[in-house]
Amino acid sequence: MTETPARVAIVTGAARGIGAATALRLAADGFAVAVIDLDEASTAGTVEAIEAAGGRALGVGADVGDAEQVQAAVDRIAAELGPPVVLVNNAGVTRDNMLFKMTDADWDLVMHVHLRGSFLMTRACQRYMVDARWGRVVNLSSTSALGNRGQANYATAKAGLQGFTKTLALELGKFGVTANAIAPGFIQTEMTKATAERLGRDWDEYVAERAAAIPVARGGVPEDIAHTVSFFVSEGAGFVSGQVVYVAGGPRT
Ligand SMILES: NC(=O)c1ccc[n+]([C@@H]2O[C@H](COP(=O)([O-])OP(=O)(O)OC[C@H]3O[C@@H](n4cnc5c(N)ncnc54)[C@H](O)[C@@H]3O)[C@@H](O)[C@H]2O)c1
């Protein structure tokens, strides 16, 4: 009897943080996982952790906002792992500043990674999902989509991803493809550590202060988001599409 090959999932920005935890979780769920990040060497830790747990992974270097690099990455993944039918658009950056101080470059980079990156990755992967008549797209939005002081660029991109998600759900639904978004609140990663540093705050104090404002009384961890991704990409979630789930320990924090 031949074994059915594992379905292939791509997680972008998966060298660390939420992306790394998601890649590990999807591997544990039985997917072969392509770990994309800016440079291939940075993906080694995630790839090794997946392999050490008995899973299958491939590390690929690509800037998700660069059309040629995206096409090359997706072609390589399809050839080496198999057709990608799950895509988690997780790669992200922040360039926070008050509007009057925000530079053109800070605006453009945030749009490049979150919006152009998710668009290019999804466009490159959708044909594999349509061919398979099965697919799952999960986009990482944020509670910042509701507005956040000092994040005009990031809040705009994260709100834009919600519109992108709903449109994908409408266009791809008839092919068995769902699209959903996760809007995390405060998650303890390098990204939020950098925010604490920029504000000149001690990390432990910053976490305690943020946790005090969160209804479940703790900061989030990458595994909280990975768990929600795991639900959205599961077989049983095929009737859930075009949704945004706020994973924030409360309605919005
Ligand atoms: N940490 C939070 O509190 C939080 C809250 C809401 C939403 N998010 C979102 O979740 C996602 C992951 O966040 P995180 O906290 O794990 O961040 P992180 O900074 O720890 O990791 C982001 C990863 O994305 C990679 N990346 C950046 N630009 C890229 C590009 N152009 N191409 C490929 N990879 C690129 C980085 O190299 C890094 O490995 C992001 O989209 C972020 O906006 C995070």
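Residue positions are counted from 1 within each chain, in the order its sequence is given. Whole-chain, interface and lining totals are the exception, using all residues; otherwise, since this is a predicted model, local features are given only for residues with pLDDT of at least 70 and side-chain atom pairs are given and counted only at 80 or more. Excluding hydrogens and water, the side-chain figures rest on all heavy atoms present in the structure.

## Here we look at the domain arrangement of the chain
The accessible area lost on association of the parts is a frequent measure of interface size. Segmenting the chain into domains produces domain 1 (8–185 + 221–246) and domain 2 (190–219). For the domain bounds, the source is a domain assignment made automatically or taken from a database. Relative placement of domain 1 and domain 2: their C-alpha centres are 24 Å apart. Listed per partner, the contact involves 8 residues of domain 1 and 5 residues of domain 2. Summing both sides of the interface, domain 1 and domain 2 together bury roughly 520 Å²; the carbon and sulfur share of this comes to 47%. Whenever Lys or Arg places a side-chain nitrogen within 4 Å of a carboxyl oxygen from Asp or Glu, that contact is recorded as a salt bridge. Where domain 1 packs against domain 2, one counts 2 salt bridges. One salt bridge in this structure joins Asp224 and Arg218, with 2.8 Å as the shortest N-O distance. As used in this structure description, the phrase polar contact means that two N or O atoms lie within 3.5 Å; if the pair is within protein, one of them must be able to donate a hydrogen and the other to accept it, and residues adjacent in sequence are counted only when both atoms belong to side chains. In this assembly, domain 1 and domain 2 are joined by 2 residue pairs in polar contact (both at pLDDT 80 or more). Side-chain classes are defined by residue name, with Ala, Val, Leu, Ile, Met, Phe, Trp, Tyr, Cys and Pro counting as nonpolar, Asp, Glu, Lys and Arg as charged, and the others, Gly among them, as polar. The class makeup of the residues in the side of domain 1 that touches domain 2 is 3 nonpolar, 2 polar and 3 charged. Throughout, a residue-residue contact means that at least one pair of heavy atoms, one from each residue, lies within 4.5 Å. Buried area: the accessible area, evaluated with a 1.4 Å probe, that two parts lose upon being put together, summed over both parts.

## Re the pattern of salt bridges
A complete count under the given rule lists 8 salt bridges for this structure. One salt-bridge network, in which partners are shared between bridges, spans Glu40, Arg76 and Glu80.

## A word on the sheet that holds strand β7 (residues 244–247)
Two strands form a pair only when DSSP identifies at least two bridges running between them. In this text, helices come from DSSP runs of H or I with a minimum length of four residues, and strands from runs of E with a minimum of two, each type numbered from the N-terminal end. Read across the open sheet, the 7 strands follow the order β3-β2-β1-β4-β5-β6-β7; overall the sheet is parallel. Looking at which strands have only one partner, the edges of the open sheet turn out to be β3 (57–61) and β7. Here the strands of the sheet are splayed against their neighbours by 20° on average, with no regard to which way each runs. Across the face of the sheet, helix α4 (residues 104–132) comes into contact with β1 (8–12), β2 (32–37), β4 (84–89), β5 (135–140) and β6 (177–184) while running at roughly 155° to β4. Axes here refer to lines fitted to C-alpha atoms; in helices the fit is confined to the stretch in contact. Angles between the N-to-C directions go from 0 to 180 degrees.

## Looking at the packing of aromatic side chains
Planes of paired rings set the category: under 30 degrees apart is stacked, over 60 is edge-to-face and the rest tilted, where pairs are Phe, Tyr or Trp rings (Trp by its six-membered ring) whose centres lie within 6.5 Å. This model, assessed by the stated rule, comprises 4 aromatic pairs. Judged by centre distance (5.8 Å) and plane angle (85°), the rings of Phe186 and Tyr206 are edge-to-face. Here Tyr206 lies in helix α7 (residues 203–212) and Phe186 lies in the loop between β6 and α6 (190–198), a separation of 20 residues in the sequence. Taking 6.2 Å as the distance between ring centres and 35° as the angle between the ring planes, the aromatic pair formed by Trp203 and Tyr206 counts as tilted. Taken together, the residues span about one helical turn, with Trp203 and Tyr206 both in helix α7 at a distance of 3 residues. Tyr206 shares its class with Trp203; the two are buried. Pairwise contacts between aromatic rings join Phe186, Trp203 and Tyr206 into one cluster. Buried residues are those whose accessible area, probed at 1.4 Å on protein chains only, stays under 20% of the maximum for their type, while exposed residues exceed 50% and partly exposed ones sit between those limits.

## Considerations on the UniProt feature "domain: Ketoreductase" (unreviewed entry) in the chain
UniProt positions are given in the numbering used here, feature names are shortened, and annotations may be inferred rather than shown by experiment. Under the UniProt annotation, the feature "domain: Ketoreductase" (unreviewed entry) is placed at residues 7–185. Counting secondary structure, residues 7–185 comes out at 47% helix and 20% strand; the distance between its end C-alpha atoms is 30 Å.

## Concerning the environment of Ala194
Residue placement: Ala194 occurs in helix α6. Note on Ala194: relative accessible area 42%, which makes it partly exposed.

## Looking at the nonpolar core
Counting residues in each nonpolar core, the largest one holds 59 residues, and the members touching the most others are Ile10, Leu26, Val33, Ile36, Ile77 and Met121. With 8 residues, α4 is the largest single contributor of residues to this core. Not counting the four nearest positions on each side in its chain, Ile10 is found in contact with Ala34, Ile36, Val74, Ile77, Pro84, Val86, Leu87, Val88, Met121 and Cys125. Here the nonpolar core consists of buried residues drawn from Ala, Val, Leu, Ile, Met, Phe, Trp, Tyr and Cys, with membership extended through side-chain atoms lying within 4.5 Å. Judged by nonpolar contacts, the second largest core, of 6 residues, contains Phe186, Tyr206, Val207 and Ile214.

## Notes on the site of the ligand
Residues are labelled near a given molecule or strand when at least one of their non-hydrogen atoms is within 4 Å of it. The immediate surroundings of the ligand are formed by 29 residues, with Arg16, Asp37, Asn90, Tyr154 and Thr189 found nearest. Tyr154 is positioned such that a nitrogen or oxygen atom in its side chain is 2.5 Å from an oxygen atom of the ligand. All accessible areas in this document rest on Shrake-Rupley with a 1.4 Å probe, and a residue is counted as covered only by the protein chains that are shown. Considering the ligand on its own, with 830 Å² of exposed area, one finds that the protein chains cover 94% of that surface. Every element with two or more residues in the shell around the ligand is listed here: α1 (17–28), α4, α5 (152–172) and α6. No other element matches the 3 residues that α6 contributes to the shell around the ligand. Of the residues belonging to the shell around the ligand, the class tally is 14 nonpolar, 10 polar and 5 charged.

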